[in-house]
Amino acid sequence: MNSSSREDLLGPLNAFVEQLEGKVVESIPWVIALIAVIAILQALIPWLWSRWWYRNNPVAGKVQRRRQRLSEVFGLKINRVHRDGRVRIEPGETGKWKREGLTEELGAEIGVPVRIKVEGGYAWIREVQNIGDTVSGDPAYDPGTGDVIIGVDTETGDIEGFSIKEISGVVLAARPGAGKTALLSLIEQALNPHAEVKMVSGKSSADLENAELEITSTQEEMQDRFDAGLDFWNNPEGRRPRVLVLDECARLFEPSSESKEDKASAKHRTRQVKDLLQRGRSAGVITILATQRMSADTIPTSIRDLASVRICGRVTTPKDAEMVLGRLPEPGEPSPVSAGKRRFIVDDGDGEWKELHVFELAQ
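Definitions and cut-offs
Residues numbered from 1 in each chain as written. Predicted model: local features only at pLDDT ≥ 70, side-chain atom pairs only at ≥ 80, totals over all residues. Heavy atoms only, no water. Helix = DSSP H or I, 4+ residues; strand = E, 2+ residues; numbered from the N terminus. Buried < 20%, exposed > 50% of the residue type's maximum accessible area, 1.4 Å probe, protein only. Contact = heavy atoms within 4.5 Å. Polar contact = N/O pair within 3.5 Å; in protein donor to acceptor, adjacent residues only side chain to side chain. Disulfide = S-S within 2.5 Å. Pairing = 2+ DSSP bridges.

J.: Quick one: what's the story with the environment of T291, residue by residue and with numbers?
T.: The residue T291 is located in strand β10 (residues 285–291) in this model. You can call T291 buried: its relative accessible area is 2%. Measuring from C-alpha to C-alpha, the distance between T291 and D347 comes to 17 Å, with 56 residues separating the pair along the chain. Look past the residues within four positions of T291 in its chain and what remains in contact with it is L172, A173, A174, K180, C249, A250, T298 and I299.

Quick look at the structure:
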């Protein structure tokens with residue numbers, strides 16, 4: 001075959017190759033752009049998915065995305081963080097999760113204040129909300145649930161309080177200046193006019209006499225409800241909860257002098273208050289014992305232990321908190337020792353502690 005014949009055959013092929021080369025050259029920028037987009041999407045989609053998946057609990061997402069580094073920094077095995085902030089504790093690592101200072105260090109590492117609670121084989125990691133120094137809101141009472149709304153949960157940011165439904169007693173204690181008196185006023189505002197609220201104090205002799213009258217009156221009302229066969233929380237029959245608030249209650253349990261009469265009076269008041277807490281639940285009679293004194297004899301333990309709800313404001317030592325709440329704070333739990341003004345640790349009867357920043361009093 002001569003050269004002209006070969007050229008006739010190869011000409012179209014060469015032209016096709018040249019055309020293909022041109023198209024390949026033209027498409028290179030697009031191919032590079034496509035590769036870049038794919039690479040970006042490969043990195044972005046998991047990030048976006050993580051953001052969406054943890055949208056209701058961003059701090060859990062942060063820990064999940066940084067779990068490898070956090071595992072290295074703190075010597076913990078963090079394999080997976082659930083949307084609710086649960087991390088399964090690996091065998092032998094419970095002590096590491098409870099280590100003092102871990103909460104602050106972890107919060108500093110991820111740039112978010114956190115609280116860690118160890119329970120049921122899991123470490124629960126939650127963000128501490130920035131509530132601020134003042135919280136505005138209206139105290140309220142829900143007759144259906146018995147909830148007394150008094151402030152904001154510093155962990156969740158939710159409006160919260162405690163429930164008086166089917167309980168007989170509340171213990172409230174805090175050092176002077178912590179906001180105890182303001183909290184009692186909020187409770188009174190929330191309950192009125194839904195409940196019969198009687199607030200008395202044991203500060204002076206005159207106050208003590210008034211307290212004795214109200215304690216006796218409340219005890220008689222409780223007995224009247226029992227005699228009427230009232231099962232208050234199931235069928236109140238038109239009656240309202242009876243709430244007796246005993247502020248500065250320590251004097252109620254102490255004789256005012258060494259005389260036999262005063263000692264007998266103190267024992268009688270103690271028996272009356274104990275009776276209210278022992279039997280008041282089904283009658284819808286609730287007694288709130290409030291004090292700013294932290295000592296073992298302030299509220300007899302036999303009475304304190306009958307109170308389902310315990311509220312503790314700022315105190316000096318963990319031992320003070322134990323006197324009020326019945327136990328020492330565990331790692332990751334809010335502590336009354338570090339509580340700021342108008343912040344109270346609340347045990348609503350289930351052993352779970354929450355910190356509330358109570359509302360400012362209405363002017």
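J.: Tell me what's going on with the side chain of R225, and back it up with residues and numbers.
T.: Counting through the fold element by element, R225 comes out in helix α7 (residues 205–227). Residue R225 is classed as buried on the basis of its relative accessible area, which comes to 0%. At 2.7 Å, the side chain of R225 and the backbone oxygen of R240 are in polar contact. Beyond its immediate chain neighbours, meaning those up to four positions away, R225 contacts E196, L230, F232, R239, R240, P241, R242, A283 and G284.

J.: Tell me about the state of the cysteines, and please be specific about residues and values.
T.: Summed over the entire model, instances satisfying the criterion amount to zero disulfides. Cysteine C249 is unpaired, with the sulfur of C312 as its nearest cysteine sulfur at 13 Å. Take C312: its relative accessible area is 0%, and that puts it in the buried class.

J.: So what about the pairing of strand β7 (residues 169–173)? Which residues, and what values?
T.: Of all five residues in β7, five are buried; the element is thus mostly enclosed. Burial along β7 is two-sided: the face carrying G169, V171 and A173 and the face carrying V170 and L172 are both buried. Pairing geometry for β7 and β10, over five bridges, is parallel. Across the sheet, the residue bridging to A173 is T291, located in β10. Sheet topology places β7 next to strand β11 (residues 309–312); four bridges connect them, and they run parallel. Considered in β11, the bridge of V171 is made with R310.

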